[in-house]
Amino acid sequence: MKLLKYCPSCGKESLHWDGEKKWSCPECGFTLYNNVAGAVAVVIRCGDEIYLTRRNRDPKKGKLDLAGGFVDPKESAEETCKRELFEELQLDIDISNLKYLTSLPNIYQFKEIDYNTIDLFYEYNVSEKFEVSLEISEISEAVWIPLWDLDLEDIAFDSQKRFFESYVKK
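Residues numbered from 1 in each chain as written. Predicted model: local features only at pLDDT ≥ 70, side-chain atom pairs only at ≥ 80, totals over all residues. Heavy atoms only, no water.

**Points about a nonpolar patch on the surface**
Residues Phe110, Ile113 and Tyr115 make up a contiguous nonpolar surface patch of about 230 Å² in total accessible area. By secondary structure assignment, the location of Ile113 is in strand β9 (residues 113–125). (Patch = residues over 30% accessible without salt bridge, like charges linked within 9 Å, V, L, I, M, F, W, Y side chains within 5 Å. Areas by Shrake-Rupley, 256 points an atom, 1.4 Å probe, with all protein chains shown as cover. Salt bridge = Lys/Arg side-chain N within 4 Å of Asp/Glu carboxyl O. Helix = DSSP H or I, 4+ residues; strand = E, 2+ residues; numbered from the N terminus.)

**Quick look at the environment of Tyr33**
With respect to the helices, strands and loops of the structure, Tyr33 is situated in strand β3 (residues 31–33). Tyr33 gets classed as partly exposed once you look at its relative accessible area, which sits at 46%. Here the alpha-carbon distance between Tyr33 and Glu165, two residues 132 residues apart in the chain, equals 32 Å. With sequence-adjacent residues up to four places away left out, Tyr33 is seen in contact with Lys21 and Lys22. (Buried < 20%, exposed > 50% of the residue type's maximum accessible area, 1.4 Å probe, protein only. Contact = heavy atoms within 4.5 Å.)

**Observations concerning the pattern of salt bridges**
In the structure shown here, the tally under the stated rule is 12 salt bridges. The salt bridge partner of Arg54 is Glu141, with a shortest N-O separation of 2.8 Å. Pair noted here: Arg54 is in strand β5 (residues 49–55) and Glu141 is in strand β10 (residues 139–146), with a separation of 87 residues, a long-range link. Classification of Glu141 by relative accessible area gives partly exposed; the value is 30%. One salt bridge connects Asp154 with Arg54, and the closest N-O pair in it is separated by 3.3 Å. Of the two residues, Asp154 is situated in the loop between β10 and α2 (158–167) and Arg54 in strand β5; the sequence distance between them amounts to 100 residues. With relative accessibility at 22%, the residue Asp154 sits in the partly exposed group. One network of salt bridges, in which partners are shared, links Asp72, Glu75, Arg83, Glu84 and Glu87.

**A few points about the nonpolar core**
Core analysis: the largest hydrophobic core is formed by 21 residues, its most contacted members being Ile44 and Leu89. Counting residues per element, the ones that place at least two in this core are β4 (37–46), α1 (77–89), β9 and β10. Excluding anything up to four places from it in sequence, Ile44 contacts Glu49, Ile50, Tyr51, Leu85, Leu89, Leu91, Tyr124, Val126, Phe130 and Trp144. (Core = buried A, V, L, I, M, F, W, Y, C linked by side-chain atoms within 4.5 Å.)

**Some remarks on the pairing of β9**
Of the pairings in the sheet, the one linking β4 to β9 comprises 9 bridges and is parallel in character. Paired with Ala37 across the bridge in β9 is Thr117. The pairing of strand β8 (residues 99–110) with β9 spans 11 bridges and is antiparallel. Counted as the bridge partner of Leu104 is Asp119 from β9. Taking the residues that link successive antiparallel strands as the turn, the β8-β9 hairpin has 2 residues, and the phi of Lys111 there is positive, at about 50°. (Pairing = 2+ DSSP bridges.)

Structure (structure tokens):
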């Protein structure tokens, strides 16, 4: 974030990063906020097993991940769950069956930039296990894992590790 130097408004090399959430230009008064991005993560559950994907690209390539992703502009979190589950797993869900669980802050590092996110966790229960066709560009595999066999060291993101620490105890 410190790499931005030039003000997009006046063009001078005067842009100042406050170290947390905004850039400002003392020359023209321009301010640019680095707001938190919304993201969803869906726990697909069948009994005591959950469906996890293995990431096929960075960040955290090769680690286990919940299906989900970033909220697009003008999209609700629930609509994001539906879109992401279809994009990643070709799974068409009824959003009325999503159950909101909690939210946790996270840092998503992409190409050496740290993006602050708020990860919204949802649960989606299914009556029987299924297998799906995978979008190879994002996912290398999808697996059903019993909750008690979940290894937190194999989970991609810190927010999901913190989430599973309390979720597995339920």
